[in-house]
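# Structural overview for review
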Amino acid sequence: MTGTTTPDDPAGPGEDAFEIPEFDPRRTRRAVRRGVLRTGLVAAVTLVLLFVAATAGSEWVQRRGDREKRMRDVLGTALQIANPGYRITLGGISASPLSLSLDVGITPLRAQGSFSTGAAFGDTKDEITQDFFGRVLHSPLGYATETPLTYALYNVGTGNQPKDRMRKVLARLPRTMNALAVVEFAAPLGTDQLAAFGRQYDSCPDLVVYENRPRATPITWGWDMSPSTSGMDGGTCHDLVPKELANFRAWVASLREYDDANLRRLGVNLKRLRESAAGGQTYAYVDTVATVEELRKIIEDPRVATVRVADVTYDLERDR
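Read on for a plain summary of the structure. (Residues numbered from 1 in each chain as written. Predicted model: local features only at pLDDT ≥ 70, side-chain atom pairs only at ≥ 80, totals over all residues. Heavy atoms only, no water.)

Before going further, it helps to spend a moment on helix α8 (residues 270-279). Of the residues making up α8, those classed as buried are Leu 270, Arg 272, Leu 273, Ser 276 and Ala 277. Each buried residue of α8 sits inside an arc of 165° when the element is viewed along its axis, so together they form one side. What points out from α8, more than 90 degrees from its buried face, is the exposed set Lys 271 and Ala 278. At its buried positions, α8 is contacted by α2 (67-82), α6 (241-253) and α7 (260-266). Between the side-chain oxygen at the start of α8 and the backbone nitrogen of Lys 271 there is a gap of 3.1 Å, and the oxygen is on Asn 269. Positive phi appears at Gly 280, one or two residues downstream of α8, with a value of about 65°. (Buried < 20%, exposed > 50% of the residue type's maximum accessible area, 1.4 Å probe, protein only. Helix = DSSP H or I, 4+ residues; strand = E, 2+ residues; numbered from the N terminus. Arc of directions from axis to C-beta. Contact = heavy atoms within 4.5 Å. Polar contact = N/O pair within 3.5 Å; in protein donor to acceptor, adjacent residues only side chain to side chain.)

Next comes the structure, spelled out in structure tokens:
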């Protein structure tokens, strides 16, 4: 029919609907840039969210269950046992995505005066660090544990500094002077015998030596090492000796075979700890508040092999 068109006719009314615009290089470049920027932004936001999630998740995994408490109870206590020449103060625990760290304060043990308070959180600050899998990465002190008290403990069982020599040392010191001393026994004492000995001389076993290990650091345990201990609980230190042996044994019983690798990194091992706790024999003890006058009496006891003085100080309050 004349004057009519069909939809397929190139000249028909469908021509405008399928018209392809002219190519504009500028608009195309802008569109490409917007697409690239949008994709990059989405990727960056996604990565940030994934990082935050991974960080928070990893820290949560690090703190899971009783991991923090066990780090303090096992590693913190083991560090104290491995370094009896120092007072170890345990601080807070911090977590990162790949590690867990326990802050510690470290102060060499010295003879105590009446107003000596020591450092608030140790003369030196350090930390025990374990990795994501619980392995100790960093141990404070390492093998640099040479204090006067450490050397005195090294000599337990060696026969060094015998009675006749140490009598002369004590004779030269003022009788009212306070001393940090290691009292070594000629034969090991049982727990009740040690308590009676301390009561007899009003001597305080601050640290009890439960291992005969000449020329090395022996296993020791003190009333402030137990994770559950809070002060003296109203008793005297020599009266608490049986309780503290029970605390030592309970702590050792809480250890597992997988703890041994970490214990070795800190300077002790599971076998020695178990043998010392099972034996429960006292080879020596450390008194941080003895006077020279008291030590002169103790050294004359036939049960005593010798008394080694590691440090002394004046108690000015007592001499007023």
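Picking up after the structure, the text goes on.
This paragraph deals with the packing of α6 against α8. Where α6 meets α8, the axes come as close as 9 Å, and the angle between the chain directions of the two elements is 145°. The two elements α6 and α8 cross, and the hand of that crossing is left-handed. Along its contact with α6, which presents Leu 245, Phe 248, Arg 249, Trp 251 and Val 252, the element α8 presents Leu 273, Arg 274, Ser 276, Ala 277, Ala 278 and Gly 279. Broken down by class, the residue content of the contact of α6 with α8 amounts to seven nonpolar, two polar and two charged. (Axes fitted to C-alpha atoms, helices over the stretch in contact; angles between N-to-C directions. Left-handed = near helix turned anticlockwise from the far one by under 90°. Nonpolar A, V, L, I, M, F, W, Y, C, P; charged D, E, K, R; others polar.)

Moving on to the packing of aromatic side chains. In this structure the tally under the stated criterion is nine aromatic pairs. Centre to centre, the rings of Phe 132 and Phe 133 are 5.5 Å apart; their planes meet at 85°, and the pair counts as edge-to-face. By relative accessible area, Phe 132 is classed as partly exposed at 29%. Residue class for Phe 133 comes out exposed when judged on its relative accessible area of 64%. Centroid distance Tyr 210 to Phe 248: 5.4 Å. Interplanar angle 20°. Geometry classified as stacked. Here Tyr 210 is found in the loop between β6 (207-209) and β7 (220-222), whereas its partner Phe 248 is found in helix α6, with 38 residues between them in sequence. Like Tyr 210, the residue Phe 248 is buried in the burial classification. Counting every residue linked through ring pairs, the aromatic cluster contains Phe 185, Phe 197, Tyr 201 and Tyr 285. (Phe/Tyr/Trp six-rings, centres within 6.5 Å; stacked < 30°, edge-to-face > 60°.)

All right, on to the packing of helix α5 (residues 191-201) against α6 then. At a minimum axis separation of 8 Å, α5 and α6 run at an interaxial angle of 140°. The pairing of α5 with α6 is recorded here as oblique in orientation. Seen from α5, the contacting residues are Thr 191, Asp 192, Leu 194 and Ala 195; seen from α6, they are Val 241, Pro 242 and Leu 245. When the residues that make up the contact of α5 with α6 are grouped by side-chain class, the tally is five nonpolar, one polar and one charged. (Parallel < 35°, antiparallel > 145°, perpendicular 65-115°, else oblique.)

Looking now at the side chain of Arg 308. Its place among the elements puts Arg 308 in strand β9 (residues 304-313). In terms of polar contacts, Arg 308 uses its side chain to reach the backbone carbonyl oxygen of Asn 155, at 3.0 Å.

Before going further, it helps to spend a moment on the nonpolar core. Membership of the largest hydrophobic core comes to 68 residues, with the highest contact counts inside it found for Phe 197, Phe 248, Trp 251, Leu 273 and Ile 298. Not counting residues up to four positions away in its chain, the partners in contact with Leu 273 are Ile 81, Ile 219, Phe 248, Trp 251, Val 252, Leu 255, Leu 263 and Val 268. (Core = buried A, V, L, I, M, F, W, Y, C linked by side-chain atoms within 4.5 Å.)

Next up on the list: the sheet that holds strand β5 (residues 178-189). Sheet strands associate in pairs through backbone hydrogen bonding, adopting either a parallel or an antiparallel arrangement. The five strands lie next to each other as β7-β6-β8-β5-β9, forming an open sheet whose pairing is antiparallel. Sheet topology places β7 and β9 at the edges, where each strand pairs with a single neighbour. Taking the axes of each pair of neighbouring strands and ignoring which way they run, one obtains an average angle of 20° across the sheet. Here β5 runs beside β9; their pairing, made up of eight bridges, is antiparallel. Bridge pairing links Ala 179 to Val 312 in β9. (Pairing = 2+ DSSP bridges.)

Turning to α5, a few remarks are in order. Within α5, burial applies to Thr 191, Leu 194, Ala 195, Phe 197, Gly 198 and Tyr 201. Here the buried residues of α5 occupy an arc of 160° about the axis, which is enough to place them on one side. In this structure, the buried side of α5 is in contact with β5, β6, α6, β8 (282-291), α9 (292-298) and β9. A positive backbone phi angle near 50° is found at Asp 202, which sits one or two residues after α5.

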